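Structural overview for review
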Amino acid sequence: MATVLRTRPFVPPMTRRKRAAQRRRLVIAVTLLLLTPTVVTLRAYSHDVARGVRVLGVDVGGRSRADAARALTAGLAERLRQPVTAKVGTEPAVLLPLAVGLAVDVPATVERAAAASPVPLLHADVDPVVTVDPARLYTALMGHLGPQGDAPVMPAVRFDKLRPVPVYPEPGRGLDRRAIGAIATAGWLRRQVIEFPVVDLVPRSSRADVDRLVRDLATPAVAAPLVLSTPRGDVTLPATAIAGALRLESDPDGLLTPSVDGDALRKAASSAFARVEIPPTDARFEVAAGRPVIRPQTDGSRIDLSFPALLDALRSTATPRRVTVPMVAAKAGTTAAVLENLGVAAPVATFTTKFTPGEPRVVNIRTMAEALRGTLIRPGETFSLNARVGDRTHAKGYVDAPGIEDGKIKNTPGGGVSQVATTLFNAGYLAGMQDVEHHPHSYYFDRYPAVIEATVVYGALDLRLRNDAPTALLIDTATTDDAVTVTLYGTKRYDISTDYGPRTKVAQPRTVYLEESDCNPTNGAEGFTQEAYRVFKHNGKELRRERFAWRYDPEPRFVCGPPPPPSSRPDPST
């Protein structure tokens, strides 16, 4: 058998080189096709926020969290300030984002953006995290509800003395307070108009629930006294106290929620509670040897009136009724640790005014000075003398003494307390406190510095000073036989002085005869206009000046009695 020899066809060298190059190009192309998505993906995820992520059209991709937060804040700044167009039912409305608490939670939105996984080479839109204050939003929307709304009658049980009075529920129309927050956060910055529908409002508790509450709780609750048994002794609650403190009202959804008003119960049976409860004592400042010292707080104990067994006991018809209730700690509202951080360290300003010993007005001066002693004015607070001291009544120890009334010197309860107001105003003036409200006297009294003085009338004229310092101020007062002093303790900020201008437009007093039983004679005093400048300095450098000015009327020379015959009257020109 013959053998056939097979040989490969002859390929020229040039052709072989071309074919090898083609094979290499094909391998490279396939490799790139396989690797490109991986490379793109690696590049996309090489930052905290992947490339291509947007929030409300703001590109935050390819950035660190901090950079993304800055980009989002800058990109949305203008839009966040724009008023929101809304509709409440059919009524158009405009909402201000700041007023209703609408805001973008930038850190939370950035975290949401960082968790996004966009498809390579495509964009991913991420919704912002939006917050709102539901209570403020509800209040704002209710202002636009108008006649579309009809408030539902919320179920309740109230008391007429010891008789339970049912209030049965009635449906209404209005806004669903539970839904409006979600509507606002979903629509803001994404819809041109946010629509808040007006819906039927049906209280959750029914007429039958009200009747059941009357039968099972309200009626037995006031049928007999209830004895609270505590480790410190018993407290007997009369039925009248129970009726005044048992709250059988609805929550905002109309669900009846029985509770006991502890404050009302303690007030109605105050003497009984006082025998077993120990009130807490707040930490406080006292002044000793001219320095403020802190007296630490002491905690107390009180009956736990939120104890569930209390309501159960009120449902009982057994007599006598008794329930064991625990005592809980009553924490002091102010601790020494808090006071230590208020910067009350040394005297900041002090001022003294003089008075004539033995006069009735001295009683009033001392009474008000004692009421002010120990007052703490925290940073940013505005002190009101009338709010602190209250009305000047005989029950508080004030007596009748001369004061200005309708331009005359009349005897009134608390007459003379303006001397304390003036002394305090000057101490606050020297401490650099902000003058919110003060009223100089209509007549000038030489016991006070002109212009820089103050009168007060409860319910009409107040003295208000704001502590604009970063530290607190403590008021201390002291009286002697002939003087009252007010000292403010804190941290000194300024050196204060006063530059006075000249007295101008001086007017002489006239003589006035008064045939009145409570007439107080006076020598009269000139009237004039004057200005004064409070000069603020620090380390010897003047920082600013504040102008004060006042016009004093001439105080008449009041003469008690009828006017003399015309022939014996003094010539006013002499």
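These numbers were taken from a predicted model, which means no experiment stands behind them.

Analysis parameters
Residues numbered from 1 in each chain as written. Predicted model: local features only at pLDDT ≥ 70, side-chain atom pairs only at ≥ 80, totals over all residues. Heavy atoms only, no water. Helix = DSSP H or I, 4+ residues; strand = E, 2+ residues; numbered from the N terminus. Rg over C-alpha atoms; globule rule 2.2 N^0.38 Å. Buried < 20%, exposed > 50% of the residue type's maximum accessible area, 1.4 Å probe, protein only. Areas by Shrake-Rupley, 256 points an atom, 1.4 Å probe, with all protein chains shown as cover. Lys, Arg positive; Asp, Glu negative; His and termini not counted. Charge placed at Lys NZ, Arg CZ, Asp CG, Glu CD. Axes fitted to C-alpha atoms, helices over the stretch in contact; angles between N-to-C directions. Parallel < 35°, antiparallel > 145°, perpendicular 65-115°, else oblique. Contact = heavy atoms within 4.5 Å. Nonpolar A, V, L, I, M, F, W, Y, C, P; charged D, E, K, R; others polar. pLDDT = per-residue confidence, 0-100. Core = buried A, V, L, I, M, F, W, Y, C linked by side-chain atoms within 4.5 Å.

When its secondary structure is counted, the chain shows 15 helices and 36 strands. Taking 25 Å as the expected radius of gyration for a compact globule of 574 residues, we find that the chain reaches 40 Å, considerably beyond that expectation. Considering the chain as a whole, with its 574 residues, one finds that 39% of them fall into the buried category. For the chain, the exposed surface amounts to about 31600 Å²; the carbon and sulfur share of it is 55%. The average position of the 72 basic charges and that of the 60 acidic charges among the side chains of the chain differ by 15 Å.

Running from N to C, helix α5 (residues 134–142) and helix α6 (residues 180–187) point in directions that differ by 90 degrees, and their axes come no closer than 9 Å. The orientation of α5 relative to α6 falls into the category roughly perpendicular. Between α5, through Pro 134, Leu 137, Tyr 138 and Leu 141, and α6, the contact on the second element is made entirely by Ile 180, Gly 181 and Ala 184. For the contact of α5 with α6, the class distribution of residues is six nonpolar, one polar and no charged.

This next bit is on the confidence of the model for the chain. Within the chain, residue pLDDT values average 89, and 90% of them lie at 70 or more. Highest mean pLDDT in the chain belongs to strand β28 (residues 464–466) (98); lowest belongs to helix α1 (residues 13–44) (51). With pLDDT under 50 throughout, residues 1–7 is counted as low confidence; its partners more than four residues away or in other chains account for zero contacts. In the predicted structure, residues 27–46 sits below a pLDDT of 50 and forms 11 contacts with residues beyond four places in sequence or in another chain.

Another point: the environment of Gly 101. Along the chain, Gly 101 falls in the loop between α3 (97–100) and β5 (103–104). Each C-alpha atom, one on Gly 101 and one on Ala 135, is 9.4 Å from the other, the two residues being 34 residues apart in sequence. In this structure Gly 101 touches Thr 131, Val 132, Asp 133 and Arg 136, once residues within four positions along its chain are discounted.

The next thing to look at is the nonpolar core. Residues Met 368, Leu 372, Leu 385, Leu 424, Leu 463 and Ile 475 are the most contacted members of the largest nonpolar core, which totals 43 residues. In terms of residue count, helix α15 (residues 418–431) provides more of this core than any other element does, seven residues in total. Here Leu 372 is in contact with Phe 383, Leu 385, Arg 388, Val 389, Val 420, Leu 424, Ile 475 and Thr 477, once residues within four sequence places are set aside. The next biggest cluster of nonpolar side chains, apart from the first, holds 38 residues, and it includes Val 60, Val 84, Val 100 and Ile 180.

Trans peptide bonds make up most of the peptide bonds, and negative phi angles are found at most residues other than glycine. Residue Pro 320 is reached from Thr 319 by a cis peptide bond, and omega for that bond is -5 degrees. With respect to the secondary-structure elements, Pro 320 resides in the loop between α11 (308–315) and β20 (321–324). Even without glycine at this site, Leu 189 takes up a positive phi of about 70 degrees. Mapped onto the secondary structure, Leu 189 falls in the loop between α6 and β11 (194–196). Notably, Lys 505 is not glycine yet its phi reads approximately 50 degrees, a positive angle. Along the chain, the position of Lys 505 falls in strand β32 (residues 504–507). Relative accessible area serves as the criterion here: at 64%, Lys 505 is assigned to the exposed category.

Our next topic: the packing of helix α7 (residues 207–221) against α11. The contact between α7 and α11 brings their axes to 7 Å, and the two run at 90 degrees. The pairing of α7 with α11 is recorded here as roughly perpendicular in orientation. Where α7 approaches α11, its residues Asp 216, Leu 217, Pro 220 and Ala 221 are matched on the opposing element by Leu 311, Leu 314 and Arg 315. Tallied by class, the residues present in the contact of α7 with α11 amount to five nonpolar, no polar and two charged.

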